[in-house]
Amino acid sequence: AGSGSDTANRWMASAALDGSGNLAIGYSLSSTAIYPSIAYAGRLATDPPNTLPQREVILKAGTGSQTHQAGRWGDYSMLTVDPSDNCTFWYTSEYLSVTSQASWRTRIASFAFPSCGEGLKGCLQGRVTSGGRAVANASVSADGYTTYTDANGFYRFEALPVGSYTVTVIAYGYTTVTLSGVAVKFATTTTQDFSLTSLPLVNVSGKVKDGFLQGWPLYARIDISAPGYARSLFTNLVTGEYQVSLAQGVPHAFTIRAVSPGYVSLSASVTPAAGGTVRNFDLLVDTAACSAPGYLKSDQCNALDGGLVVGHVYDANTGLALNDAQVARANAPAERALTFATPDDPNQGDGLYILFSPTGNQGFIASRNAYAAMTRTIQVQNRSVVSLDFALPAGRFSISPSSLTVNLTAAKTVTRTLELRNTGTYTATFLITEVNGPATALLPSGPFAQATRHTSPKRLADLTAEAVYDYQPPQVASLPAGRVLRSWPSGLAHPWGIGYDTHTNTLWIGDVASGGGDDRLHQYTPDGLPLGQAIDLSTVSVHFMADIAYNPFTQTFWQVMVSGGNCLVEVVPGRLSLSGERICPPFDHSQRGLAYNPLNGSYYSGAWTNGILYHFDAQGTLLDSINLNLNISGLAFNPATRHLFVLSNAATGFDVYILDTEEAYAILGGFDIPGLGDFEQAGMSLDCDGLLWLVNQKNAMVYEVDSGEANACAYADVPWLTVNPQSGRLAAGASQTLQVILDVNAASGGQNLARLVISGDTPYGLLEVPINLSLYYRLYLPQVNR
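Values in this document were obtained by computation on a predicted structure and should not be read as measured data.

Engineer: Honestly, the sheet that holds strand β18 (residues 220-226) in this entry has me stumped. Any pointers?
Structural biologist: Taken in spatial order, the four strands line up as β19-β18-β21-β22 in an open sheet, and their pairing is antiparallel. Single-partner strands in this sheet number two, and they are β19 (229-234) and β22 (266-270). Here the strands of the sheet are splayed against their neighbours by 20° on average, with no regard to which way each runs. Alignment of strand β21 (residues 252-258) against β22, held across five bridges, turns out to be antiparallel. In the strand pairing of β22, His252 is matched with Val270.

Structure follows, in structure tokens:
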């Protein structure tokens, strides 16, 4: 390319051929005098081989360089030919407009060689059948041009260059047919049909087992492919056996992978023979890692005496499988496994675990958050596999009646009763919270923001928004808030997420390991006194854990994962542990800020990676979203005002913006917080007094800030409503009568709406009882005689 004597560098090549055989190569171009630019060169089909005589063309001249030493280049570079004309090349690659670490851009361009498309062309079509029946999805190739038959066995090449072709038809389960001398004439449709002979299907079976030292059967995935065929299947969980029907005489590529870690995958070719074929596979252990169950690394990879215990964990009430449950050996709790989903195996249910155990009569304990632990015993044989299932009991509440409606015409106090019953299989505690307001239907009504991105893909997991391309915050009014009421040092290496527990009036602050911390949540009093309690988050495989939201009904936190699935994980401060529950909305990017709306049980999240605010329910269903174009790092919701506070990680604009969630997220204004410098903002939370709590991720300070609002927990107090008892404990099958006292003297005239939210240590979510108290006065008029 180029003149041949220049000193430019050319790399990241992507090549393609057009329909006339002309070659184009797109690439990056740079030198000491040229910023990284996008260029292409090429050769025509008639040009001499090993040359690129078609001149070099710069599609986009760069005006900056990348200074990021570890940054990748050209991840999305590609050249392809437009199928509509088979002549137009489309190319996209990377350049920079300004010198920076990684503030790159992409460019899309198209071009074509003038000679493409010249010449005479015709059409080739026909049907592919076998025994008179159509063969669908058969591959039909004519000297490099390929198409496929439709459901009726019909194929068609719309425009082939005039000439003589060798046509090959391939369909799985049939013999391959090749025909030479098929003539394509100018402006003429040539019809060429094909008849295929079907091949018999024969049984292929066998067993997959450990081929190193243990020799036990393995639960494994087998991927099978052949021309026109692809299928995946799994071996039997206990025996390691498999069987499948395949076309006789056709070579099939087998790839075998153990579901358990630590084994080396195996590839083999299997050609089914008449009468069937038996093919066993032995998988070897990766002795360097030595991480397969039943092996221990010392001076070498050694096999332990024992066997495998496999099985499932179920919900005793519903019979549904439970993923993320723990199964541990009773005498060695550290030897444990987590149950997992098996979506690719239709013959194997979810809630599956695989655990190594020493031989003998062994006890195993299955447990999961909100369920009672269950212990079972089984005899484990050496170098064998045994099956052991669990059904975990749990409490489960029902309420009758499901709602209360009371109409009164006089000011008085009335009492109604509810029957709360534990229909589950284990004792459960309950807690009843009043909510001042009606239940709101959560529907995905939109609108929804269009997907976008404000940072390079290399910077999606950053701790700050310094890599955001171009931040132009909205111009809004300055609000009288932001005064720092108190501040104190957290003593953490790199604090980020912060959550306020309104039941214990304590703060929990995360210390992220990617910034030098310990990946734990640490507890403090509002005065900054460390309480010595910590919750380990290191088992969550993420870049870091960001903002935290508190659910007052379940008395648990939800925290945002940055990368690793972009989910929310539930943290139980009362147990100093993760619950195992997750909410995984369909986010485009990892989130940073998080807030909970107790009025309807929904969540808000957002991030600077795209500036979008997401609103979703407890199942992760998106309800609506909006592009705020804010560098969202923290969120907090005030139920009293329905206002959402947005903390922005930036060097310009306000630190905090206030949105009205009932007016299409209109931005009401913003304010700054003394002590927060450029890109120092992280998580944010709100206490019952309406005060904001923030953390400075650079100097590790914690701030209590005047938000300009108050009474954030007033929603949980209904003046005219009292329930007794508000909490308790119910054995399985037991019931509790709840007295609901309605004081009309404290209510307003007309309709008064509220609801009771019933939570507890059960895995089935919340119960809600709508309460409708209506007070109407009769008007008596004197009789008038006419």
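Engineer: When you look at the nonpolar core in this model, what are you seeing that I'm missing?
Structural biologist: Nonpolar side chains in soluble globular proteins generally cluster together in the buried interior. Among the nonpolar cores identified, the biggest contains 55 residues, and Leu613 and Phe616 are the most heavily contacted of them. When residues of this core are assigned to their parent elements, the largest contribution, four residues, is made by strand β50 (residues 612-616). Once residues lying within four places of it in the same chain are set aside, the contact partners of Leu613 are Tyr604, Ser605, Asp624, Ser625, Ile626, Leu628, Ile632, Leu635, Leu644, Leu659 and Tyr665. Listed in part, the 38 residues of the second largest apolar core include Trp216, Tyr242, Ala258 and Phe281.

Engineer: Explanation requested: the layout of surface pockets in the structure shown.
Structural biologist: By volume, the second largest pocket is sized at about 630 Å³. Looking at the second largest pocket, it is lined by 17 residues, and the ones nearest its centre are Asp324, Leu338, Thr539, Leu578 and Gly580. Of all the secondary structure elements, the ones that give two or more residues to the lining of the second largest pocket are β29 (332-338), β46 (568-572) and β47 (577-583). Looking at the lining of the second largest pocket, the element that brings in the most residues is β47, giving five residues. Of the residues contributing to the lining of the second largest pocket, the split by class is five nonpolar, six polar and six charged.

Engineer: Would you take a moment to explain the state of the cysteines for this structure?
Structural biologist: Here, disulfide denotes a covalent bond that connects the sulfur atoms of two cysteines. Inspection of every chain in the model, using the stated rule, returns four disulfides. Here Cys87 pairs with Cys116 through a disulfide, and the sulfurs are 2.0 Å apart. Sign of the S-S torsion, about -80° for the bond between Cys87 and Cys116, identifies this disulfide as left-handed. Pair noted here: Cys87 is in the loop between β5 (78-81) and β6 (89-96) and Cys116 is in the loop between β7 (104-111) and β8 (121-130), with a separation of 29 residues, a long-range link. Summarising the burial analysis for this pair, Cys87 and Cys116 share the class buried.

Engineer: I'm lost on the side chain of Gln362 in this one. Help?
Structural biologist: With respect to the helices, strands and loops of the structure, Gln362 is situated in strand β31 (residues 360-367). Taking relative accessible area as the criterion, Gln362 reaches 9% and is therefore assigned buried. Separated by 3.4 Å, the side chains of Gln362 and Arg329 make a polar contact. Within the structure, Gln362 has its side chain in polar contact with the backbone oxygen of Thr359 (distance 2.9 Å). Setting aside anything within four residues of it in sequence, one finds Gln362 in contact with Arg329, Asn331, Ser357, Arg376, Thr377, Ile378 and Val380.

Engineer: When you look at empty space enclosed by the protein in this model, what are you seeing that I'm missing?
Structural biologist: Sizing a probe to match a water molecule and rolling it over the atoms shows the empty space that remains. Scanning all chains against the criterion turns up four cavities of 30 Å³ or more. Quantified by volume, the largest cavity comes out at close to 260 Å³. What lines the largest cavity is a set of 22 residues, and nearest its centre among them are Thr502, Tyr550, Tyr596, Phe637 and Leu686. Sorting the residues of the lining of the largest cavity by element identifies β40 (495-501), β44 (544-551), β48 (593-597), β52 (632-638) and β56 (681-686) as the ones contributing at least two each. In the lining of the largest cavity, the residues fall into 18 nonpolar, three polar and one charged. Counted as a void, the second largest cavity has a volume near 60 Å³. As for the second largest cavity, its lining consists of Pro217, Leu218, Tyr219, Leu237, Ser260, Leu308, Val310, Ile354 and Val385. Looking at side-chain class alone, the lining of the second largest cavity contains eight nonpolar, one polar and no charged residues.

Engineer: What exactly am I supposed to notice about the pattern of salt bridges here?
Structural biologist: Where charged atoms from two side chains of opposite charge approach closely, those side chains can pair. Counted according to the given criterion, the structure contains 15 salt bridges. Between Asp223 and Arg257 there is a salt bridge, with the nearest N and O atoms lying 2.7 Å from each other. Here Arg257 lies in strand β21 and Asp223 lies in strand β18, a separation of 34 residues in the sequence. With a shortest N-O distance of 4.0 Å, Glu466 and Lys698 are connected by a salt bridge. Here the residue Glu466 occupies a position in the loop between β38 (428-435) and β39 (484-489), and Lys698 occupies one in the loop between β57 (692-696) and β58 (701-705), the gap between them amounting to 232 residues. Relative accessible area serves as the criterion here: at 44%, Lys698 is assigned to the partly exposed category. Members of the salt-bridge network, linked through shared partners, are Arg221, Asp223, Arg257 and Asp344.

Cut-offs and rules
- Residues numbered from 1 in each chain as written.
- Predicted model: local features only at pLDDT ≥ 70, side-chain atom pairs only at ≥ 80, totals over all residues.
- Heavy atoms only, no water.
- Pairing = 2+ DSSP bridges.
- Helix = DSSP H or I, 4+ residues; strand = E, 2+ residues; numbered from the N terminus.
- Axes fitted to C-alpha atoms, helices over the stretch in contact; angles between N-to-C directions.
- Core = buried A, V, L, I, M, F, W, Y, C linked by side-chain atoms within 4.5 Å.
- Buried < 20%, exposed > 50% of the residue type's maximum accessible area, 1.4 Å probe, protein only.
- Contact = heavy atoms within 4.5 Å.
- 1 Å grid on protein atoms, 1.4 Å probe; cavity = no way out; pocket = protein on both sides within 12 Å on 5 of 7 lines; lining within 4 Å.
- Points joined across faces, edges and corners; volume = space filled by probe spheres on them.
- Nonpolar A, V, L, I, M, F, W, Y, C, P; charged D, E, K, R; others polar.
- Disulfide = S-S within 2.5 Å.
- Polar contact = N/O pair within 3.5 Å; in protein donor to acceptor, adjacent residues only side chain to side chain.
- Salt bridge = Lys/Arg side-chain N within 4 Å of Asp/Glu carboxyl O.

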